[in-house]
Amino acid sequence: MKKVAFHTLGCKLNFSETSAIGRQFGDAGFEKVAFEEAADVYVINTCSVTENADKKCRNAIRKALNLNPDAYLVVTGCYAQLQPGEIATIPGVDMVVGARDKFRIVELAGDFTKESHACIHHGKVSEVDQFVHAFSVGDRTRSFLKIQDGCDYKCTFCTIPQARGKSRSDKLENILANARQIVSLGVKEIVLTGVNLGDYGQDQPHSFLEVIKALDEVEGLNRVRISSIEPNLLSDEIINFVATSRTFVPHFHIPLQSGSNDILRLMRRRYQRELYAARVAHIRQLMPDACIGVDVIVGFPGETESHFNETRQFLADLDISYLHVFTYSERENTLAAEMEEVVPMNIRQQRNEILRQLSERKRRQFYLKHQGEIRPVLLEDAEHNGSIEGFTDNYIKVRLPYQASLSNTVQEIRLDLMDAEGYMTPKLALV
């Protein structure tokens, strides 16, 4: 039996798709092994949001070839769609597969015989117009369920529409069928994923609100998490429903990108900071315990010190829980890459560090706010150096001494102490 190993870079959507591709390999008779092991075939599913993501892809290629120089190496995902020729020149790469064909790797590779040069399967992104459903199982306690793909937005910094095509959605009946299958496999939590999740339904008769209401009725489903949703698409109705739902947890991840309206206009975002603040306030009014995460980009062209300070102060004043901070990097074929007033890289990095420190303070404040509370924790199906880890419903990380019987269970746990690594470590026994 040939062995295959997978490495996923980037977003939760990529994890769901890698898992679906992995099941295709299983059906073809392959044995799946960890990426750290020697395998006959390596599949690297790439991201290309930042320059750093491209570098991580190259590092993964080198790692695979160090494990087995004779392995058949496949690169797919967003980087493969955007730069197929560039990837094909990397020594050791056997096949580059763009967005149109990523779910045909087993078929396209044939007997996985290495040739003298890399084979490229690539088409125009305009040809990518079908939705292919996917969900992850087997590697995590939770499952990432893909319900939407592609994006019709034209943010000036983003290559995702070029990599994934137009916005398209799965049918409601498929989503519910996949959710039931996930539940039947013993998975306790589903994370809804997509490129622009709130844009669900542009090509379907149902809205995102109707989808989450239907998922809330799925028998046996323990909890559901919304991965990320644009502030202009996070309606009051969605917030109101999550606040009263049976399964949806109090956790929102809402991209901001900048706290300056001037920069938001340059980015071609579809909201202003006032709308963002209103969304946060509405969540806090209905769900005081909710975790609210924020994406923010520093060093965008034209971002002056004044603009950055505006962002920093806006975030400092918001009742949020953590930040994902990205340093702006120029991407080919984007409007932002042609803009003037480029921010020097050392300034971008300084601003990144300032917001990372703010994020740590926000996270610590959020955790300590819930110190002493008893909350449901979904514990992971893995051991980490004698410990078992998990997340509360509102996304607080918890660490306990390992007990096999706790794996993939939801436990009511008192949050008593916070350790140096940012985990809540209960001082008392399970409640």
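Above this text is the structure in question.
Residues numbered from 1 in each chain as written. Predicted model: local features only at pLDDT ≥ 70, side-chain atom pairs only at ≥ 80, totals over all residues. Heavy atoms only, no water.

**Quick word on the overall build of the protein**
Which entries qualify depends on this criterion: Only DSSP runs of H or I with at least four residues qualify as helices, and only runs of E with at least two residues qualify as strands; both kinds are numbered from the N terminus onward. Between the two quantities, the radius of gyration covers C-alpha atoms and the globule rule is 2.2 Å times the number of residues to the power 0.38. A 1.4 Å probe rolled over the protein chains alone gives each residue an accessible area, and that area as a share of the maximum for its type sets the label: buried under 20%, exposed over 50%, partly exposed in between.
Scanning the protein for helices and strands turns up 13 helices and 19 strands. On C-alpha atoms alone, the protein measures out to a radius of gyration of 22 Å, which is about the 22 Å that the 2.2 N^0.38 rule sets for 431 residues. Dimensions of the protein along its principal axes, counting C-alpha atoms only, are 60 × 60 × 45 Å. Among the 431 residues that make up the protein, the fraction classed as buried is 56%.

**Examining the nonpolar core**
Heads up, the rule is: Nonpolar core, defined: a set of buried Ala, Val, Leu, Ile, Met, Phe, Trp, Tyr and Cys residues in which side-chain atoms within 4.5 Å join the residues together. What makes two residues a contact is simply this: any of their non-hydrogen atoms within 4.5 Å.
One finds Leu-192 and Phe-208 to be the most contacted residues of the largest nonpolar core, which totals 64 residues. The dominant element in this core, judged by the number of residues it contributes, is helix α7 (residues 172-184), at six residues. Those residues within four positions of Phe-208 in sequence are excluded, and the remaining contacts are Ile-147, Leu-192, Leu-197, Gly-198, Tyr-200, Ile-226, Ile-229 and Ile-238. Listed in part, the 25 residues of the second largest apolar core include Ala-60, Ile-90, Val-96 and Ala-118.

**Section: the packing of aromatic side chains**
Operational definition: Planes of paired rings set the category: under 30 degrees apart is stacked, over 60 is edge-to-face and the rest tilted, where pairs are Phe, Tyr or Trp rings (Trp by its six-membered ring) whose centres lie within 6.5 Å.
Enumeration according to the criterion identifies 14 aromatic pairs in this entry. With 5.6 Å between their ring centres and 80° between their planes, Phe-6 and Phe-25 make a pair best called edge-to-face. Within this pair, whereas Phe-6 is found in strand β1 (residues 3-8), its partner Phe-25 is found in helix α1 (residues 12-27), the two being separated by 19 residues in sequence. By the burial criterion, Phe-6 is buried, and Phe-25 matches it.

**Notes on the pairing of strand β15 (residues 322-327)**
To be explicit about the condition: If DSSP finds at least two bridges between two strands, the strands pair. Look down the strands so they point away from you; if the path from the first strand over the helix to the second goes clockwise, the crossover is right-handed.
Two strands pair when backbone bridges link them, and strand β14 (residues 291-298) and β15 are joined in this way by six bridges, in the parallel orientation. Bridge assignment links Val-296 to a residue of β15, and that residue is Val-325. Traced from β14 through helix α12 (residues 305-317) to β15, the parallel crossover comes out right-handed.

**Some words on the packing of α7 against helix α8 (residues 208-215)**
Under the convention used in this document: In this analysis an axis means a line fitted to C-alpha atoms, helices contributing only their contacting stretch, and an angle means the value between N-to-C directions, from 0 to 180 degrees. Should an angle fall under 35 degrees it is taken as roughly parallel, and over 145 as roughly antiparallel, whereas 65 to 115 is taken as roughly perpendicular and any remaining angle as oblique. Helix crossings get a hand from a simple test, with the near helix turned counterclockwise from the far one by less than a right angle marking a left-handed crossing and a clockwise turn marking a right-handed one.
At their nearest, the axes of α7 and α8 sit 10 Å apart, and the two run at 30° to each other. The angle between α7 and α8 places the two elements in the roughly parallel class. You can see that α7 and α8 cross each other, and the crossing is right-handed. Taking contact as the criterion, the partners of Leu-172, Ile-175, Leu-176 and Ala-179 in α7 are, on α8, Val-211, Ala-214 and Leu-215.

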